[in-house]
Amino acid sequence: MTETEAIQHAEKLVKTNAADAVRVERERERHDGTYTATVLFDRTCDGKRNVQVAIVAIDTAPPCAGPDDLYGLDARLTMWKILRKYFDHVTLCPSEILYNYGALAKLMDNDPPVYPAAIDKIASLQAPALGVDSRVRRDELYKWMDTVARRARSAEKEKRLFKESLQDFGALAEMATLIGGAEERDTLIRCAIARELYTNRNWLSKLEKLLEAVSPDMPREDLAIIDGFVADILGSAQVIQEILGSRSTLFNALMGLIDLMEGRVEDVPPRDVPEVAQVLRRLIADGNLPAGSNVLLDRIKAQISSKQPLNRINPDQEHDSFLKLMARLSNTRGFRGGPEMAEVLTSRCSMQFQEGGVTGRKLAVGAMINMIRDPLQKIRYMISISETETGVICADVLHKAISQLKESMGDINKLVPGNLSATRRLMAVTDIQKALQESVLTESVRNQLIGMLDDVLVNFIEREGFIDRLDDPELGLRERSVRLIKFCSSGLLLEGRALELARMRIAEHLRQPNFVQHYVSECQSQSEADEALRDLHRQLALAGFRG
């Protein structure tokens, strides 16, 4: 019997009251010989699933500015978190609720009773940041949800859409355009998709339908519609477990999730990974599912912040597993996921210490800084963590670490791989300076670090003869000047001593006797000379010369 046949048979048993309760499970053998079971269907004969449905405790809820924001990814992720038990209970995702009036009405009718509790909790979290009373915010959220319901109900009236399906997305899009024009087209498509998926109460089957609708020539705006639904379905923990297959440790599961998030093919995937996972991986790799990738990133953060050990099979490898996880999440911009990822990694790092509270956090921040060997990555981490609650608490630890960085920042080769071109090395250091300028570190700390990096650039430019190569005496004065001026205006260097070196060389040229005559000597006409001088003044202004 196939999975679909088993579920259909179970539904018949429930409808006919042929049993007190019916459950359909899928069993899979793990590589270690044990079995894992996934519940596909679980109902009592009165049609209610045998589970307790309530809201889930959350501590953050990004504020929305209006009803349109309720459709956004941040809002839908919040819905997933607080209504996770409800969504699992009805096997529906946020978009299926938002764009399907029947599903939304059932939620709003308080069946089961979670809707008012969810609204109250979100209002209480958002009100302080907005400076309003939680009751005022609650009423506002109710009003916006009523607007969402009216829109979904209006779309239900478009009966011609019911004949179209995901199997022929082009025809569906064409009909939606015919009915609603360019303004309502995307909303009608989403409503049609939500209506179609509503009748399918199997997560993987929903995902397969969505991915099968993607075609190589699909417009980006239509890919974004599919991506939104895919992202919602990936919010289900059950879907993630199915897609990853059997994983012996949390570390292995996280590495598999990171590979999936980046669209990378695993070297040795588990045997029980479904085919839909490979399709999903290819679409992410092609850049077609950015929202789906972001939801996977959110899942990775949630799993890292859990109390479960990374390697429960070999506890002695816990530290090595953490180092590998950190390295896997690192890139030239710091940690993938920014400040939030820096904080969850720091929180997991704190698990190795017996001390809790502020002391434990400070020990964890110090340990993180010591574990990161690359000086520029250390700075990236300190910039990221400084934007979090942990960073505020541990400001003294960060300041002490920064003062100790000077010894490792005397030479650019200690900061940037020597196999990169000179230009790439300049860019790498300047990018860090820019990140420091935009950081929330104190002004004195920012200036100290930026100044230290500027000294590194000065030493590098002087040692490598960078300015001399640009100001090649074999070239004409005009070409030498243009090269120097463009270098100054390129953004490769920020304001500082390093940039001033190049400006000083330009100033030497400008002070030469008869500079203007030499600069335009190769021009064929007075008008060409005038245009060359006008362009020179524009370039000088961009390079920081005034007056």
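Residues numbered from 1 in each chain as written. Predicted model: local features only at pLDDT ≥ 70, side-chain atom pairs only at ≥ 80, totals over all residues. Heavy atoms only, no water.

Enquirer: For this particular structure, what's the right way to read helix α13 (residues 275-285)?
Expert: Given 3.6 residues per helical turn, the α-helix brings residues three or four places apart onto the same face. Within α13, burial applies to Val276, Ala277, Leu280, Arg281, Leu283 and Ile284. Along the axis of α13, the buried positions cluster into a sector of 165 degrees, meaning they face one direction only. Packing partners of the buried residues in α13 comprise α9 (203-212), α10 (220-233), α11 (237-244), α12 (250-262) and α14 (290-304). Of the residues flanking the end of α13, it is glycine 287, one or two places downstream, whose phi is positive at about 80 degrees. (Buried < 20%, exposed > 50% of the residue type's maximum accessible area, 1.4 Å probe, protein only. Helix = DSSP H or I, 4+ residues; strand = E, 2+ residues; numbered from the N terminus. Arc of directions from axis to C-beta. Contact = heavy atoms within 4.5 Å.)

Enquirer: Even after reading the chapter, I still don't get the side chain of arginine 247, so can you show me in this structure?
Expert: Along the polypeptide, arginine 247 turns up in the loop between α11 and α12. We classify arginine 247 as buried; its relative accessible area is 16%. A polar contact of 2.7 Å, which involves the side chain of arginine 247, links it to the side chain of glutamate 266. (Polar contact = N/O pair within 3.5 Å; in protein donor to acceptor, adjacent residues only side chain to side chain.)

Enquirer: What should I look at first to understand the packing of helix α17 (residues 357-371) against helix α20 (residues 395-403) in this one?
Expert: To characterise two packed helices, one gives the angle between the axes of the helices and the distance between these axes. Relative orientation of the contacting elements α17 and α20 amounts to 25 degrees, with a least axis distance of 9 Å. Put simply, α17 runs roughly parallel to α20. Considering only the axes of α17 and α20, their crossing is right-handed. Packed against α17, whose contacting residues are Lys362, Val365, Gly366 and Ile369, the element α20 presents Asp396, Val397, Leu398 and Ala401 at the interface. Residue classes in the contact of α17 with α20 are distributed as 5 nonpolar, 1 polar and 2 charged. (Axes fitted to C-alpha atoms, helices over the stretch in contact; angles between N-to-C directions. Parallel < 35°, antiparallel > 145°, perpendicular 65-115°, else oblique. Left-handed = near helix turned anticlockwise from the far one by under 90°. Nonpolar A, V, L, I, M, F, W, Y, C, P; charged D, E, K, R; others polar.)

Enquirer: Looking at this structure, I do not really get the packing of aromatic side chains. What am I missing?
Expert: Aromatic ring pairs are defined here through the distance separating the ring centres and the angle between the ring planes. Throughout the structure, instances matching the rule amount to 9 aromatic pairs. For the pair tyrosine 115 and tyrosine 142, a centre-to-centre distance of 5.7 Å together with 65 degrees between the ring planes defines the contact as edge-to-face. Here tyrosine 115 is found in helix α6 (residues 115-130), whereas its partner tyrosine 142 is found in helix α7 (residues 134-156), with 27 residues between them in sequence. Take tyrosine 142: its relative accessible area is 23%, and that puts it in the partly exposed class. Centre to centre, the rings of phenylalanine 466 and phenylalanine 487 are 5.5 Å apart; their planes meet at 40 degrees, and the pair counts as tilted. Taken together, the positions of phenylalanine 466 in helix α23 (residues 466-470) and phenylalanine 487 in helix α24 (residues 477-489) put the pair 21 residues apart, joining distant regions of the chain. Classification of phenylalanine 487 by relative accessible area gives buried; the value is 7%. Each member of the aromatic cluster is reached from another via a ring pair, and the members are Trp80, Tyr86, Phe87 and Trp203. In this arrangement the basic side chain of arginine 195 is found over the ring face of phenylalanine 162, its NZ or CZ atom lying 3.6 Å from the centre. (Phe/Tyr/Trp six-rings, centres within 6.5 Å; stacked < 30°, edge-to-face > 60°. Lys NZ or Arg CZ within 6 Å of the ring centre and 35° of its normal.)

Enquirer: Explain a nonpolar patch on the surface here, please?
Expert: A surface patch of nonpolar side chains, amounting to about 220 Å² of accessible area, comprises Leu130, Val132 and Val136. With respect to the secondary-structure elements, valine 132 resides in the loop between α6 and α7. (Patch = residues over 30% accessible without salt bridge, like charges linked within 9 Å, V, L, I, M, F, W, Y side chains within 5 Å. Areas by Shrake-Rupley, 256 points an atom, 1.4 Å probe, with all protein chains shown as cover. Salt bridge = Lys/Arg side-chain N within 4 Å of Asp/Glu carboxyl O.)

These results come straight from atomic positions and should not be treated as a statement about function.
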